[in-house]
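# Close look at the chain arrangement
The lines below spell out each chain.
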There are 2 protein chains.
Amino acid sequence: MIDRNVYLDNLKFEDARSLLFETFKTADLTGIEPVAVYESLGRVTAEPVTAVLSSPNHNASAMDGIAVISEETASADDRNHLELKAGSGFKYVDTGDPITEPWNAVIMVEDLLEADDDRVVIKAPARIWQHVRHVGEDIAAGELIIPSFQRVRPVDIGAMAAGGITEIRVFRKPVVAIIPTGTEIIEDPSGMTEGGIIDSNSRMFAAMVRDAGAEPLRLKPVIDDREKIKQAFAGALEKADAVILIAGSSAGTEDYSADTIRSFGELLFHGVAVKPGKPAIFGRAGNKPLIGLPGYPVSGYVIFDRLVKPLIEMMQGIGAGAEEFRNGFLSRRVPSSLEHREFVRVKCGIVGGRMIVSPLSRGAGITMSLVQADGILEIPQESEGYEAGTEVSIRLTRPSSEIGNRLVSIGSHDLLLDVVAELMHRGGQHTGLSSTHQGSMGGVLAIRKGECHIAPVHLLDVKDGRYNEYLFGRYFDSSEFALIKGVGRTQGLIVKPGNPKGISSISDIAADGTVFINRQRGSGTRVLLDYLLQQNEIDPDSVTGYGREMTTHMAVASAVKSGTADTGLGVYSAAAVNGLDFIPVGREDYDFVVRADMLETPALKSFIDCLKSDAFAAELKRLGGYELDAVGKIVRV
Amino acid sequence: MIDRNVYLDNLKFEDARSLLFETFKTADLTGIEPVAVYESLGRVTAEPVTAVLSSPNHNASAMDGIAVISEETASADDRNHLELKAGSGFKYVDTGDPITEPWNAVIMVEDLLEADDDRVVIKAPARIWQHVRHVGEDIAAGELIIPSFQRVRPVDIGAMAAGGITEIRVFRKPVVAIIPTGTEIIEDPSGMTEGGIIDSNSRMFAAMVRDAGAEPLRLKPVIDDREKIKQAFAGALEKADAVILIAGSSAGTEDYSADTIRSFGELLFHGVAVKPGKPAIFGRAGNKPLIGLPGYPVSGYVIFDRLVKPLIEMMQGIGAGAEEFRNGFLSRRVPSSLEHREFVRVKCGIVGGRMIVSPLSRGAGITMSLVQADGILEIPQESEGYEAGTEVSIRLTRPSSEIGNRLVSIGSHDLLLDVVAELMHRGGQHTGLSSTHQGSMGGVLAIRKGECHIAPVHLLDVKDGRYNEYLFGRYFDSSEFALIKGVGRTQGLIVKPGNPKGISSISDIAADGTVFINRQRGSGTRVLLDYLLQQNEIDPDSVTGYGREMTTHMAVASAVKSGTADTGLGVYSAAAVNGLDFIPVGREDYDFVVRADMLETPALKSFIDCLKSDAFAAELKRLGGYELDAVGKIVRV
């Protein structure tokens, strides 16, 4: 019989958060340890730090000049200049030099009428203590420098050093053990096997633990064996202040996390109403949090970021770090269920002065959605989502300075976009290119709505077989938009090495036993395919796999490479990069529609410069299948 | 004859910045080195990182359930249930398990009508490839994971690991040498001498270098000797990618920095029109920046923060980090000169929904102004400053979350404020107390203008000798404000141990040969002094030092302790903490005026709880001189 777990709970996110904070609030902190002031950057003070020495610790000259006795300068004025002798009447001092008896005032060097080694002439009296910094002017002995529970910054180190402090007491960094589990989990890419999954999650969580100020203790992956997992857990619990089990938190046959946590402590809850991230487990062993994170990377990330990180910060006695929020406008509708709080990864860009927010893939397994994201949109459980155009608040996961300076591209995908992005990064560090792949028609619609600066397109006019320019007149007004010529590229059928199915033309994709992989509607490649099918009088229903849609050339090539499909339509470079064969079926123009008001901006100029550069030409030659005759030319159609 | 440097330049800040960026823009970067992906957190990529493995690397089940052959499930529907046999007809799979031939679809466990080890019953067909994650769905081999010039984040590490990457090429961390100079500079507080200054600057700059992502190489302090400084500089230049000389950048007799930099390379400029920070020096030796920072801590900080840090970041191939800006309203006028760009340290607090910005001490030697600051207000050279009430943009130097949650206090100073702040920090980490000391009348005016939540006051009604309550009716309306009773405290004359001048009453401060130290106008203590002088018919002009004003009790005590003055009026605790003697002259009420709308807030409740706590009572008993009869009582006057 199948042995299955059940979710104990479906706690609302806010309730889960409160429960965790209540549970661990009164827990003993991780402990206190001494640390040298000079090594204390980023540590959190466990006690207030009070100066033991004053700064300055003596009366000190605040200027370069001479020390004098105030009373003896009283007779000097504009008409009655006064001469002072070195030794008895004055002494040269530099800024910071001690002012000791009998001196009690300083005259700036700029105010001396004459000055040599033996004598000076002054024209005004010196008030008592003028230009003298008195003892403790900056820091008085006994004065509080920083309170407890403060993360030490460079200026704090400076002030503590000046106040004569050499060692302070700080909270010990919590040690957080991380145990990857799963029989299919591979420690290292070099040991990759069929069906293996590289342990990337524990590496990400270890870095997140470090980012949160704690020390990760990462264990090697443990196979799906109840006893082996418990054994690893017991060892980790002994050494660490918190233990995280990765994967096995769901309700499958080999999900031992809940059981393990229960056997070492108290299970607080199993299951939170968030998406992604539902199968999360939290428990406690005494004051130590025990955590089961979902194995899907984005699910694990969300639970770590919103529930584990605040716990780790609390264990160090500090509040949450600074989070940067920005308001922006949704480019697309984002529906969401009332069953959970949803965390949507988004890309952001400033277009026409407004921040445009575009949702990324919502799959829990798509790590790249985290890498590409500029921020997270949280949709509360009570909301059914937002319509396009709604103003929403985004928690940024990248500095806003990076977002503001870059060119936003929405449209058709080509590998050359990565090449341009790289060249723009190298050329000047102040511009960049952020690409979202929504197909050519997606780009046309997005740039019309003011959601991007440029739209890469390759759209065939089925009337005359020409590309892109026909869009002007139909969709675009040349006073507001222009076309930047891109590349000519070869489209063709991507097939396995050696072309085992003997595919030679578009007609062959409908052959029995041949599985095709398609591109999504609205993509230029799909328009081309449908045009070719029509010209060859092939019924789409006769093409096995016509309904299975991928969103990039690379995904099509991957499907062919892995055997999921025999062939698909795509560009030469995608086939070449993957070591696949290629049957050319046509040449097309891949160009860029651009907002005319962008043409004079540094970002777009940099984009065009990169298109025209030798480095770009060389890299596209290496990829193969491109023609660069008119690249970078601005056409007002 | 005196050997003096001259400032070569008085460059505008923007020009200095441009000149530096232009000079070092084309410089070779520090170099490239390999680093393990798992150790790459925070490093900056020198090359784009491209996946070598796909993720998933096999077709994988997206659900817990069974793998089936799609074609063989076609006949199942609601009426015609279909039984499948284990082995030939289905196979149990968990999420992530490989889906290999002959299987080509997955049915979720939730959709099974019956299930045991040998057989399952289904009620619907499985579409081909349903619930199967295909190869490369997340990351396709050959796909760009992150571009060059990107600072590696935890999610990037996860994605690179998943993409089969074990090592990446990153920019080498620049090594920045820091050389403290000055004969008076002491390496360690334990070696403190008369006239010595602890080397706190190099410790602060080392931490700032580390914060900017580079490696500090701090040398021991070098005395003011031209040859010794050059020797140290030569050694540093050999090992480091940039060299910073601290102090000696001014134009005094022993300021060798400019000369040193000139002898090892080219001097770019000496003197920038910023305040504080003017005597800054920048030069180059080949591609290595050579820097002379001013010795005053705040001057050095400003130059480092605004000119050196961007250089260090540029050397690593990255743009400036995220800076958090907030708009707020100035509580006081801030005049500024047209001769320089000024960097004013400010405290911030949210009062009545508006962020109130209060300038701190503008002295270049006041390290504590950096420690206490929440942010920096930059006043451009073209501006003569801002009037009170002006909306200004503040670059925060502390997370905005800390600023939003705390109680803002402006008014009279007492050591007990540090005690309450500490207790509030300990009690709940979500509230804090931010105090600015502007004297009792300063507090009265500030709270009336809505610039703070509470105002600590001790103001004597000279008519009847009573304290504080008379303010209601004269300044406050009890519908908007309330009074929280604080402590009774003893004011008296602070004198040196053993009372060498034999001071026994207020009359003695006018004695010949006795130097007094005063408090600033508007402080409660000053009101009390003037009242006592009047009552004793003492002419203020007869009091030596009457015109010299300090802003805290601790500063008065420091002045007495250091011998700058013989006596001053202050509270018992300040004398006791400094080991000084104390001649009581009277008892006063130190209370808190509070905005009535704050009374029910968590921050103010926490404040009152702390006042009433045993810990507070114990600490005040230790300090001495306080009476706590009514502490924490809310009085609506």
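All values derive from a computational prediction rather than experimental measurement.

Secondary structure summary: chain A contains 16 helices and 38 strands in total. Relative to the globule expectation of 26 Å for 637 residues, the C-alpha radius of gyration of chain A, 34 Å, shows a markedly less compact shape. The principal-axis extents of the C-alpha atoms in chain A amount to approximately 110 × 70 × 45 Å. Within chain A, contacts between residues separated by at least 24 positions form 77% of all contacts whose residues are at least 6 apart in sequence.

The subject of this paragraph is the interface of chain B and chain A. On the chain A side, the residues contacting the 104 residues of chain B number 103 residues. With 8 residues, helix α2 (residues 154-162) of chain B is the largest single contributor of residues to the side of chain B that touches chain A. Among the residues making up the side of chain B that touches chain A, the classes are represented as 47 nonpolar, 35 polar and 22 charged.

Further remarks concern the domain arrangement of chain A. Each assigned domain of chain A is listed here: domain 1 (13-28 + 173-315), domain 2 (32-55 + 138-171), domain 3 (60-133), domain 4 (325-404) and domain 5 (452-635). Once you take the C-alpha centre of each, domain 1 of chain A and domain 3 of chain A turn out to be 70 Å apart.

Further remarks concern the relation of the copies chain B and chain A. Rotating chain B by 180 degrees and moving it 0.0 Å along the rotation axis overlays it on chain A with an RMSD of 0.1 Å. Those values place the two copies in the arrangement expected of a two-fold rotation axis. Across chain B, the smallest distance between a C-alpha and the rotation axis is recorded for Glu324 of chain B, namely 3.8 Å. A high fraction, 99%, of the interface residues of chain B reappear at the interface in chain A, so the copies pair face to face through one surface.

Before going further, it helps to spend a moment on the sheet that holds strand β18 (residues 266-270) of chain A. All names here are of chain A. Reading across the sheet, the 6 strands line up as β16-β13-β17-β21-β20-β18 and stay open at both edges, with mixed pairing between neighbours. On the outer flanks of this sheet lie β16 (215-218) and β18, each paired with one strand and no other. On average, each strand axis in the sheet is tilted by 20 degrees relative to the strand beside it, whichever way the strands run. Alignment of strand β13 (residues 175-180) against β16, held across 4 bridges, turns out to be parallel.

Of all hydrophobic cores here, the largest spans 174 residues; its most connected members are Ile179, Val243, Ile244, Val420, Ala455, Ile494 and Val593 of chain A. For this core, the element with the highest residue contribution is helix α6 (residues 297-315) of chain A, accounting for 11 residues. Dropping the residues within four chain positions of it, Ile244 of chain A is found in contact with Val176, Ala177, Ile178, Ile179, Phe205, Ile291 and Leu293 of chain A. Grouped together as the second largest cluster of nonpolar side chains are 173 residues, Ala140 of chain A together with Val243, Val419 and Phe516 of chain B included.

All names here are of chain B. A sheet is described by the order of its strands in space; here 3 strands give the open sequence β6-β4-β7, paired in antiparallel fashion. Bordering the open sheet on either side are β6 (91-93) and β7 (105-108), each of which pairs with just one other strand. In this sheet, neighbouring strand axes are inclined to one another by 40 degrees on average, regardless of whether the strands run parallel or antiparallel. As judged from the 4 bridges shared by strand β4 (residues 65-68) and β7, these two strands associate in the antiparallel manner. Bridged to Ile66 within β7 is Ile107.

All names here are of chain B. Look at helix α1 (residues 13-25) against helix α6 (residues 297-315): their axes get within 11 Å of each other, and the N-to-C directions meet at 20 degrees. On the basis of their axis angle, the class for α1 and α6 is roughly parallel. Crossing hand, α1 versus α6: right-handed. In this structure, α1 contributes Ala16, Arg17, Leu20 and Phe24 to the contact, and α6 contributes Leu307, Leu311 and Met314.

Okay, the packing of helix α4 (residues 226-239) of chain B against helix α5 (residues 257-264) of chain B next. Residue and element names in this part refer to chain B. Where α4 contacts α5, the axes come no closer than 10 Å and their chain directions differ by 50 degrees. Here α4 lies oblique to α5, going by the angle between them. Both α4 and α5 take part in a crossing whose hand is right-handed. Between α4 and α5, the residues in contact are Ile229, Lys230, Phe233 and Leu237 and Thr260, Ser263 and Phe264, respectively. Residue classes in the contact of α4 with α5 are distributed as 4 nonpolar, 2 polar and 1 charged.

In summary, the side chains of a regular strand alternate between the two faces of the sheet. Sheet analysis places strand β4 (residues 65-68) of chain A next to strand β6 (residues 91-93) of chain A, joined by 3 bridges and oriented antiparallel. From the neighbouring strand, Ala67 of chain A faces β6 of chain A, where its bridge partner is Lys91 of chain A.

Okay, the environment of Asp477 of chain B next. Its place among the elements puts Asp477 of chain B in the loop between α11 (471-474) and β32 (481-495). Taking the C-alpha atoms as reference points, Asp477 of chain B and Ala596 of chain B, separated by 119 residues in sequence, lie 10.0 Å from one another.

Take α6 of chain B next. Residue and element names in this part refer to chain B. If you look at α6, its biggest bend is around 45 degrees, right at Phe304. For α6, the tally of buried residues reaches 17 of 19 residues, placing the bulk of the element in the interior. Once α6 ends, the next one or two residues include Gly317, with phi positive near 80 degrees.

Attention now moves to the confidence of the model for chain A. All names here are of chain A. Confidence in the prediction for chain A averages 90 pLDDT; 96% of positions are at 70 or higher. This model gives residues 1-5 a pLDDT under 50, and the stretch forms 10 contacts once residues within four places in sequence are excluded. This complex was scored by the predictor with a pTM of 0.83 and an ipTM of 0.84.

It is worth spelling out the environment of Ala258 of chain A at this point. Relative to the assigned elements, Ala258 of chain A resides in helix α5 (residues 257-264). Taking the C-alpha atoms as reference, Ala258 of chain A lies 8.8 Å from Gly283 of chain A; in sequence the two are 25 residues apart.

Note: most residues except glycine have negative phi, and most peptide bonds are trans. With an omega dihedral of -10 degrees, the bond running from Lys275 of chain A to Pro276 of chain A counts as a cis peptide bond. Among the structural elements, Pro276 of chain A can be located in the loop between β19 (274-275) and β20 (281-285). Glu101 of chain B connects to Pro102 of chain B through a cis peptide bond whose omega is 5 degrees. Within the chain, Asn468 of chain B stands out as a residue other than glycine whose phi angle is a positive 70 degrees. Mapped onto the secondary structure, Asn468 of chain B falls in the loop between β31 (454-457) and α11. On the basis of neighbour count, Asn468 of chain B is assigned to the buried category, with 25 C-beta atoms found within 10 Å.

The next thing to look at is the environment of Cys610 of chain B. One can find Cys610 of chain B in helix α15 (residues 602-612). Counting along the chain gives 57 residues from Cys610 of chain B to His553 of chain B, while the straight-line C-alpha distance between them is 23 Å.

Definitions and cut-offs
- Residues numbered from 1 in each chain as written.
- Chains lettered and ligands numbered in written order.
- Predicted model: local features only at pLDDT ≥ 70, side-chain atom pairs only at ≥ 80, totals over all residues.
- Helix = DSSP H or I, 4+ residues; strand = E, 2+ residues; numbered from the N terminus.
- Rg over C-alpha atoms; globule rule 2.2 N^0.38 Å.
- Contact = placed C-beta atoms within 7 Å.
- Nonpolar A, V, L, I, M, F, W, Y, C, P; charged D, E, K, R; others polar.
- Domains from an automatic or database assignment.
- Least-squares fit on C-alpha atoms with pLDDT ≥ 70 in both.
- Pairing = 2+ DSSP bridges.
- Axes fitted to C-alpha atoms, helices over the stretch in contact; angles between N-to-C directions.
- Core = buried A, V, L, I, M, F, W, Y, C linked by C-beta atoms within 7 Å.
- Buried ≥ 20, exposed ≤ 12 C-beta atoms within 10 Å, placed from the backbone.
- Parallel < 35°, antiparallel > 145°, perpendicular 65-115°, else oblique.
- Left-handed = near helix turned anticlockwise from the far one by under 90°.
- Bend = angle between axes of the 7 residues up to and from the residue.
- pLDDT = per-residue confidence, 0-100.

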